[in-house]
Amino acid sequence: MEAASNALAYMGAGIGAGIVLVGGGLGIGILANGAMSGIARQPQSAATIQTAMLIAAALIEGATLLALVICILIVLMK
């Protein structure tokens, strides 16, 4: 019974890590799409848009990294 519990924990951590990476990639992709559209419409605001985009991308990456660490901890604690 313990082996099945470990297997489910590993499978759950693997699925969770995959979902986290897909979500982070989609989030940054959508963010970059919006930033590029904004820069194309108003080139004079490029510096402001790029700064806001970089801050938001860093927050998305931070949340993604935190979720991956949690998935790794699930595997290590089992």
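About the cut-offs
- Residues numbered from 1 in each chain as written.
- Predicted model: local features only at pLDDT ≥ 70, side-chain atom pairs only at ≥ 80, totals over all residues.
- Heavy atoms only, no water.
- Helix = DSSP H or I, 4+ residues; strand = E, 2+ residues; numbered from the N terminus.
- Rg over C-alpha atoms; globule rule 2.2 N^0.38 Å.
- Buried < 20%, exposed > 50% of the residue type's maximum accessible area, 1.4 Å probe, protein only.
- Contact = heavy atoms within 4.5 Å.
- Areas by Shrake-Rupley, 256 points an atom, 1.4 Å probe, with all protein chains shown as cover.
- Axes fitted to C-alpha atoms, helices over the stretch in contact; angles between N-to-C directions.
- Parallel < 35°, antiparallel > 145°, perpendicular 65-115°, else oblique.
- Nonpolar A, V, L, I, M, F, W, Y, C, P; charged D, E, K, R; others polar.

1. Regarding the overall build of the chain
Counting its regular elements, the chain contains 2 helices and 0 strands. In terms of C-alpha radius of gyration, the chain reaches 18 Å, well past the compact-globule figure of 12 Å for 78 residues. Expressed as lengths along the three principal axes of its C-alpha atoms, the size of the chain is roughly 65 × 15 × 5 Å. Counting only residues that meet the buried cut, the chain has 18% of its 78 residues in that class. Taking all contacts inside the chain whose residues are at least 6 apart in sequence as the whole, residues at least 24 apart take part in 76%. On the chain, roughly 5500 Å² of surface is accessible, and the fraction owed to carbon and sulfur atoms is 76%.

2. Quick look at the environment of Ser-5
Along the chain, the position of Ser-5 falls in helix 1 (residues 2–41). Assessed through its relative accessible area of 27%, Ser-5 is described here as partly exposed. For the pair Ser-5 and Pro-43, spaced 38 residues apart in sequence, the C-alpha to C-alpha distance is 55 Å.

3. Some points on the side chain of Thr-64
Along the chain, Thr-64 turns up in helix 2 (residues 46–77). Excluding residues within four positions of it along the chain, Thr-64 makes contact with Val-20, Leu-21 and Gly-24.

4. Brief notes about the packing of helix 1 against helix 2
Where helix 1 meets helix 2, the closest approach of the two axes is 9 Å, and the angle between their N-to-C directions is 180°. One finds that helix 1 runs roughly antiparallel with respect to helix 2. For the contact of helix 1 with helix 2, the class distribution of residues is 22 nonpolar, 6 polar and 1 charged.

5. Some remarks on the environment of Ile-55
Within the secondary structure, Ile-55 sits in helix 2. Judged by relative accessible area, which is 51%, Ile-55 ranks as exposed. Taking the C-alpha atoms as reference points, Ile-55 and Asn-6, separated by 49 residues in sequence, lie 38 Å from one another.

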